[in-house]
Amino acid sequence: MRTRTEKDSLGKMEVPEEAYYGVQTARAVQNFQISPWRFQPEFIRSLAWIKAAAARTNKELGLLDPSKADAIEKVALAIAGGELQEHFVVDVFQAGAGTSFNMNTNEVISNRACELLGSRKGDQQLVSPNDHVNMGQSTNDVIPTAIRLTALSFSQGLLAAVDKTGDALATKAKEFDGILKSGRTHLQDAVPLRLGQEFGGYAAALHRAKESIQVASSALRELGLGGSAVGTGLNTDPAYRKKVVEHLNQITGINLRPANDYFEAMQSMAVFTGLSATLRNLAIECIRIANDFRLLASGPNTGFNEIQLPAVQPGSSIMPGKVNPVMAEMLNMVCFQVIGADVCITLAAQAGQLELNVMMPIIGYNLFLALSILTNALNAFREKCITGITANQEVCNRYAENTLALATVLNPHIGYLNAAEVVKESLRTGKTIKEIVHERKLLTEEQWKELFDPARLTSPNLRK
């Protein structure tokens, strides 16, 4: 393998000739052979956007030679467009704060900019990764800014997925609104409700989760870029903070704003734990809904069998004809992973010390992972499960008629003790509540029909 020699503050080192990364990245590759995980392309794009905005700002302020600034910006925007991705090679588990990844980005931009200006890779006198590409910046303000930009991008996709999934559940709620079924509390018979009401609750839970994610993600728009190493803005122009965010807005089309306090923006990871908490809560709701679907569709002959989920693949390698609730099972597993990611983010966020949290790489990676897999899982669950659900109305109605909790409906009309005796007889004889009430002449047929009208039975119903 052909190599070239590059030099950093620790000395010289051989770097593969074809690589656009440089000596500091090569050291990181040697030091951190930990996992197969690399940062998501969206994070690379965010970091490239920041480098382009910084170069444009420093050029405007007269601090960076125009030809160098233009070359840096051109390369950075090309990377943001998807070029040179294979040269971002640093493990997620790396130097604290993300210094290795920041330098990976600086070196790729520097070496490609050297070529654009007619030189060769490694010509740091022409375009330095530290002095030119990283001008006015520090890992400590660049990495949290890139995490914010990336999480904002992923959040938009998730918000759309949650909204559409909630709408799909609401559609099913309308479709199933006339189907009476037995409620269950403690997994025991409870008073009747409509299947549509049950699905309406699922829809409302997801729409509420969307609102929480919207609020949490909006806080990501506040950037500490320009805080430099500890928040003071050392080695930046006084106008840099405002202008770099303006240029970043122009490049990204995102409505961003400078931080109110640059020290807080660097010290605290609360915006990330806040967003992660909303993802955890969404995951909890999705687990609950997926588990309900699995229970309601159980059987078909020995379970609830109130609904049927679409058959998307055979369910068993040994039992012919078996179909499993695989999309609900997939959603469960994704949500377990999201909750695990939240635990990691929480522990990493509390590990910050004084002016900096050095655990940012793993915060970012887990946040992006949670956002992306939740988005994909909800889209798949909606398209391959929710939209194809059908109701077994006959089964639902039979459960509604046979639930012992119908005695609760009778309380105001025949008294608690009489209702209790009806339940005891039903348990002893296997007769339905309706049969016993008629046998004991506690209600006429007309009174029964009025009392057990589905609409009246599943809404506030006491009348004078």
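Keep in mind the model is a prediction, meaning the values are calculated, not measured. (Residues numbered from 1 in each chain as written. Predicted model: local features only at pLDDT ≥ 70, side-chain atom pairs only at ≥ 80, totals over all residues. Heavy atoms only, no water.)

1. Observations regarding a nonpolar patch on the surface
Inference 1: Side chains of Ile34, Trp37 and Phe93 sit close together on the surface and give an oily, nonpolar patch of about 300 Å² of accessible area.
Inference 2: Looking at where isoleucine 34 falls in the secondary structure, it is placed in the loop between helix H1 (23-31) and helix H2 (41-60). (Patch = residues over 30% accessible without salt bridge, like charges linked within 9 Å, V, L, I, M, F, W, Y side chains within 5 Å. Areas by Shrake-Rupley, 256 points an atom, 1.4 Å probe, with all protein chains shown as cover. Salt bridge = Lys/Arg side-chain N within 4 Å of Asp/Glu carboxyl O. Helix = DSSP H or I, 4+ residues; strand = E, 2+ residues; numbered from the N terminus.)

2. So, the pairing of strand E1 (residues 3-8)
Inference 1: The alternating pattern of E1 places Arg4, Glu6 and Asp8 on a buried face, while none of Thr3, Thr5 and Lys7, on the opposite face, is buried.
Inference 2: Bridging between E1 and strand E2 (residues 11-16) involves 6 bridges; their strand directions are antiparallel. Bridging from a neighbouring strand, lysine 7 pairs with lysine 12 of E2.
Inference 3: If you look at the hairpin formed by E1 and E2, you'll find 2 residues sitting between the two strands. (Buried < 20%, exposed > 50% of the residue type's maximum accessible area, 1.4 Å probe, protein only. Pairing = 2+ DSSP bridges.)

3. As for helix H4 (residues 99-116)
Inference 1: Counted at 1.5 Å a residue, the expected span for H4 with its 18 residues is 26 Å, and the 26 Å between its end C-alpha atoms agrees.
Inference 2: Most of H4 is tucked away, with 14 of its 18 residues classed as buried.
Inference 3: One or two steps after H4, the chain reaches glycine 118, where phi turns positive at roughly 90 degrees. (Expected span 1.5 Å × (residues − 1).)

4. What to know about the pattern of salt bridges
Inference 1: For the structure on display, the rule yields 21 salt bridges.
Inference 2: The partner of aspartate 177 in a salt bridge is arginine 194, with the nearest N and O atoms 3.1 Å apart. In this pair, aspartate 177 sits in the loop between helix H6 (139-175) and strand E3 (180-185) while arginine 194 sits in strand E4 (residues 188-194), placing the two residues 17 residues apart along the sequence.
Inference 3: We classify arginine 194 as buried; its relative accessible area is 17%.
Inference 4: Bridged by salt links that share partners, the residues Lys181, Arg184, Glu198 and Glu306 form one connected network.

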